[in-house]
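Listed below, chain by chain, are the residues.
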Amino acid sequence: MTEHDAQPTADRDQTAAGEPQQAAEENGAQVSTDATPAGAPEAAIPELVIISGMSGAGRSTAAKCLEDLGWFVVDNLPPALIPTMVELGARSQGNVARIAVVVDVRGRRFFDNLRESLADLDSRGVTRRIVFLESSDDALVRRFESVRRPHPLQGDGRIVDGIAAERELLRELRGDADLVIDTSSLNVHELRAKMDAQFAGEEEPELRATVMSFGFKYGLPVDADLVADMRFLPNPHWVPELRPYTGLNEEVAAYVFNQPGAKEFLDRYAELLRLIAAGYRREGKRYVTIAIGCTGGKHRSVAMSEKLAARLAAEGVETVLVHRDMGRE
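No experiment lies behind these values; they were computed from the predicted model shown.

Draft legend 1. Summary view of the overall build of the chain. For the chain, the count of helices and strands is 10 helices and 11 strands. The 329 residues of the chain split such that 41% are buried. Pairs at least 24 apart in sequence give 76% of the contacts found in the chain among residues at least 6 apart. For the chain, the computed accessible surface area is about 18600 Å², with 49% contributed by carbon and sulfur atoms.

Here's what the structure looks like:
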């Protein structure tokens, strides 16, 4: 629907001859016929990437990579809805500046609308790129057999029949692609590196860290990538004047870091994390959860987590601090 179509019928009749649009009365109320208020900023059209290609060639990995780089990603969106998605992004006042849409043959009949949608986007002046994921027949067969899933187009036939049918359906789209990536000999990390090289710009992709304090008596965090044990330090629980407080208390924190090995641990562990973070970035890992534990998750782990999170944030790592078990006692 265009802005002209959205006007009340009576208003269109008054303005059809090119007369200046004015506020019209409808049911006794003033209704503005201007589609955009004077002085209102023009909506910014989001950048658009369309991810497509062969099933099993790595579309999900490519989409996840863009999501980690801050793109708004929609998987398996019917092509006819892509212009609507772009329009919604334009209305977000800059909150959705980059949209990635995964389009493939899973949409079946909906996929036939892709050509029409691309023409619509071009007429609107939308900047869009098509990323096509390609792979050899041998590589695709191995991947489908390894996960024991049928090809979405094979029907009652063989995997190779589905691959052949899909290649034919995607032939024209592949020819229109701005970027074709052959993943036949690539692993997941190498594919992510190629996507980073194309879309991350000159900046190295960010690593986001969650630092979590916890108590061993409540169990290990199931989502922890790294676990450090603070039970090598004396427990403030056995100091009567400190027992009621947590590691957020200055006196408790001072007690913890005055113990032999506490400051040395913080310095060396932070140095170790710098080394690990560099490797995570190379391998395409963007999120890491660092769990710091003590007996109850109240004193030592809380104090150390606070210091470690502050250290990481000071070094430019986007950091979230969570005290999982503080307050459970």
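Draft legend 2. Up close: helix α3 (residues 82-90). Within the span of α3, buried status applies to Ile 82, Pro 83, Met 85, Val 86, Gly 89 and Ala 90. Around the axis of α3, the buried residues are gathered within 160° of arc, so they sit on the same side. Where α3 is buried, its residues contact β3 (47-53), β4 (72-75), β5 (98-102) and α4 (114-123).

Draft legend 3. Molecular detail of the packing of helix α2 (residues 59-68) against helix α7 (residues 188-199). One can describe the packing of α2 onto α7 by two numbers: an axis separation of 9 Å at closest approach and a directional angle of 50°. It follows from the interaxial angle that α2 and α7 lie oblique. For the pair α2 and α7, the crossing hand works out as right-handed. Residues Thr 61, Ala 62, Lys 64, Cys 65, Leu 66 and Asp 68 of α2 form the contact with α7, whose participating residues are Val 188, Leu 191, Arg 192, Met 195, Asp 196 and Phe 199.

Draft legend 4. Molecular detail of unusual backbone geometry. Despite not being glycine, Asn 76 shows a phi value in the positive range, around 55°. When you line up the elements, Asn 76 lands in the loop between β4 and α3. You can call Asn 76 partly exposed: its relative accessible area is 31%. Phi at Arg 148 is positive, roughly 55°, even though this residue is not glycine. Among the residues examined, Arg 148 registers a relative accessible area of 79% and is labelled exposed.

Draft legend 5. Broad picture of the confidence of the model for the chain. Looking at the chain, pLDDT values average 82 and 83% of them are 70 or higher. Residue range residues 1-41 is modelled with pLDDT below 50. Its contacts to residues more than four positions away, or to other chains, number 29 contacts.

Draft legend 6. Just the pattern of salt bridges, in detail. One pass over the full model with this rule turns up 22 salt bridges. We note a salt bridge from Lys 64 to Asp 68, for which the minimum N-O separation is 3.8 Å. Separated by 4 residues within a single helix, Lys 64 and Asp 68 lie in helix α2, roughly one turn from each other. Residue Asp 68 is classed as buried on the basis of its relative accessible area of 5%. With a closest N to O distance of 2.5 Å, Glu 87 and Arg 91 form a salt bridge. Overall, Glu 87 belongs to the partly exposed group, its relative accessible area being 32%. We classify Arg 91 as exposed; its relative accessible area is 58%. The network of salt bridges with shared partners includes Lys 64, Glu 67, Asp 68 and Arg 192.

Draft legend 7. Main features of the nonpolar core. Residues Leu 48, Leu 66, Ile 82, Met 195 and Phe 199 are the most contacted members of the largest nonpolar core, which totals 47 residues. Discounting residues that sit within four places of it in the chain, Ile 82 has contacts with Leu 48, Ile 50, Leu 77, Val 101, Val 103, Leu 114 and Leu 121. By size, the runner-up hydrophobic cluster in this structure holds 31 residues, among which are Leu 226, Met 230, Ala 262 and Ala 309.

Thresholds applied
- Residues numbered from 1 in each chain as written.
- Predicted model: local features only at pLDDT ≥ 70, side-chain atom pairs only at ≥ 80, totals over all residues.
- Heavy atoms only, no water.
- Helix = DSSP H or I, 4+ residues; strand = E, 2+ residues; numbered from the N terminus.
- Buried < 20%, exposed > 50% of the residue type's maximum accessible area, 1.4 Å probe, protein only.
- Contact = heavy atoms within 4.5 Å.
- Areas by Shrake-Rupley, 256 points an atom, 1.4 Å probe, with all protein chains shown as cover.
- Arc of directions from axis to C-beta.
- Axes fitted to C-alpha atoms, helices over the stretch in contact; angles between N-to-C directions.
- Parallel < 35°, antiparallel > 145°, perpendicular 65-115°, else oblique.
- Left-handed = near helix turned anticlockwise from the far one by under 90°.
- pLDDT = per-residue confidence, 0-100.
- Salt bridge = Lys/Arg side-chain N within 4 Å of Asp/Glu carboxyl O.
- Core = buried A, V, L, I, M, F, W, Y, C linked by side-chain atoms within 4.5 Å.

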